[in-house]
Amino acid sequence: MKVIVTGGAGFIGSFVAELLMQTGYDVVIIDTRKIIKEHEEKKIKYYPINILSPEIEDVFIKEKPDIVIHLAAQVDVNESIKSPVKDAETNIMGTLNLLNYSNKYKVKKFIFSSSSAVYSDIEKTEEITEEHSINPSSFYGLAKYISELHIRMFNEMFGLPFTIFRYGNVFGPRSSGGDVISIFLNQFKLGNEITIYGDGEQTRDFVYVKDIARANLLAITKGDNEILNLGTNSSISISSLCTNLKSIYQKDIPIIYKPNRQGEIRNSKLNAQKAKSILNWTPEYELQAALKEIVSDAN
Ligand SMILES: NC(=O)c1ccc[n+]([C@@H]2O[C@H](COP(=O)([O-])OP(=O)(O)OC[C@H]3O[C@@H](n4cnc5c(N)ncnc54)[C@H](O)[C@@H]3O)[C@@H](O)[C@H]2O)c1
């Protein structure tokens, strides 16, 4: 069975592509970025094409994919606020372009990486189910939600099956470096100072990249036409994350506080009960243990 993985050269996409290959799927990556060295060596098929390009149709004609796992995106919340048009081009029109060809060439399923950024904010003690109110705080979250609506309409009008995932904060090796854990790890390595935006009491639900890859694999055969949160049913404050890293590195470096960044939610804790009952998915990696592993692998 052939699977197109858009964004397969990126952080999450490279793990998805790897797991699919290990499981015996025929993988084709579409990404404007070059695929990682290990995948080059394994000779994964790769098209360096923009998802907005009409050339995408040629890939569908040539490869005849059974499944599309769509991860390619403009992923930076701040960038979406600086350049909402560019964000919408990639995240809305790019998705629409892929949906259009997925439908035209009768793909069996479209699996989409959405985000907890579509939800309205919560109190620290609450958790977010899939029924939680939608109210994105950034153009990034808005574009993800608009794509979700496009996907649902393709299903209603043309019967294109889908699974939509809403991820918490994904972490792990090979991250592109823009997420808080990668930034902290770099800052600890340099040893000068740690930067926290806001008071540090904002909370996040950190989910490990290999758990996310496994959910994408499971969605090939299960979870048709479902919207599923992928998180850990737990959260940690940014200050506590910093304290944990201090204990792993056994290093105490000064914290510099900067003003809150626009577009960022205050709290995030995803209830992933639905993914458990529908996909039989539960996260296997625990934050502190995974952090220790990442730090020791990097040293
Ligand atoms: N990392 C997270 O915490 C997180 C959380 C929620 C949702 N997501 C979603 O998961 C997906 C993957 O995110 P990631 O963290 O791996 O990011 P990433 O930046 O590492 O990967 C995205 C990939 O998409 C490619 N890409 C971007 N624009 C493209 C275009 N126009 N045409 C072709 N390729 C293009 C990039 O080159 C990159 O390799 C994204 O859709 C993102 O919105 C990520």
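Under an unreviewed UniProt entry, the name given to the protein is NAD-dependent epimerase/dehydratase family protein, and the organism recorded is Cytobacillus dafuensis. What UniProt states about the protein under its Sequence similarities (unreviewed entry) heading is, verbatim, "Belongs to the NAD(P)-dependent epimerase/dehydratase family."

Student: If you had to explain the site of the ligand to someone new, which residues and values would you point to?
Tutor: The environment of the ligand is formed by 26 residues, the closest being Ile-12, Asp-31, Leu-71, Tyr-140 and Lys-144. Here an oxygen atom of the ligand sits 3.2 Å away from a polar atom, N or O, in the main chain of Gly-10. Within the side chain of Asp-31, a nitrogen or oxygen atom sits 2.6 Å from an oxygen atom of the ligand. Burial of the ligand by the protein amounts to 89% of the accessible area it has alone, namely 820 Å². Mapped onto the shell around the ligand, the elements with two or more residues apiece are α1 (11-23), β5 (109-115), α6 (139-158) and β7 (169-171). For the shell around the ligand, the element with the most residues is β5, which contributes three residues. When the residues that make up the shell around the ligand are grouped by side-chain class, the tally is twelve nonpolar, eleven polar and three charged.

Student: Tell me about the sheet that holds strand β11 (residues 226-230), residues and numbers included.
Tutor: Spatial ordering of the open sheet is given by β3-β2-β1-β4-β5-β6-β11, a layout of seven strands whose pairing is parallel. Two strands lie at the open edges of the sheet, namely β3 (45-47) and β11, each paired on one side alone. Shown here is a sheet whose adjacent strand axes are inclined to one another by a mean of 20°, direction ignored. Looking at chain direction, strand β2 (residues 26-30) and β3 are connected through three bridges and run parallel. For Val-28, the partnering residue across the bridge sits in β3 and is Lys-45. Sheet strands touched by helix α3 (residues 56-63): β1 (2-6), β2, β3 and β4 (67-70). Its angle to β3, the strand with the most contacts, is close to 155°.

Conventions we followed
Residues numbered from 1 in each chain as written. Predicted model: local features only at pLDDT ≥ 70, side-chain atom pairs only at ≥ 80, totals over all residues. Heavy atoms only, no water. UniProt positions renumbered as here; feature names shortened; annotations may be inferred. Near = heavy atom within 4 Å. Polar contact = N/O pair within 3.5 Å; in protein donor to acceptor, adjacent residues only side chain to side chain. Areas by Shrake-Rupley, 256 points an atom, 1.4 Å probe, with all protein chains shown as cover. Helix = DSSP H or I, 4+ residues; strand = E, 2+ residues; numbered from the N terminus. Nonpolar A, V, L, I, M, F, W, Y, C, P; charged D, E, K, R; others polar. Pairing = 2+ DSSP bridges. Axes fitted to C-alpha atoms, helices over the stretch in contact; angles between N-to-C directions. Contact = heavy atoms within 4.5 Å.

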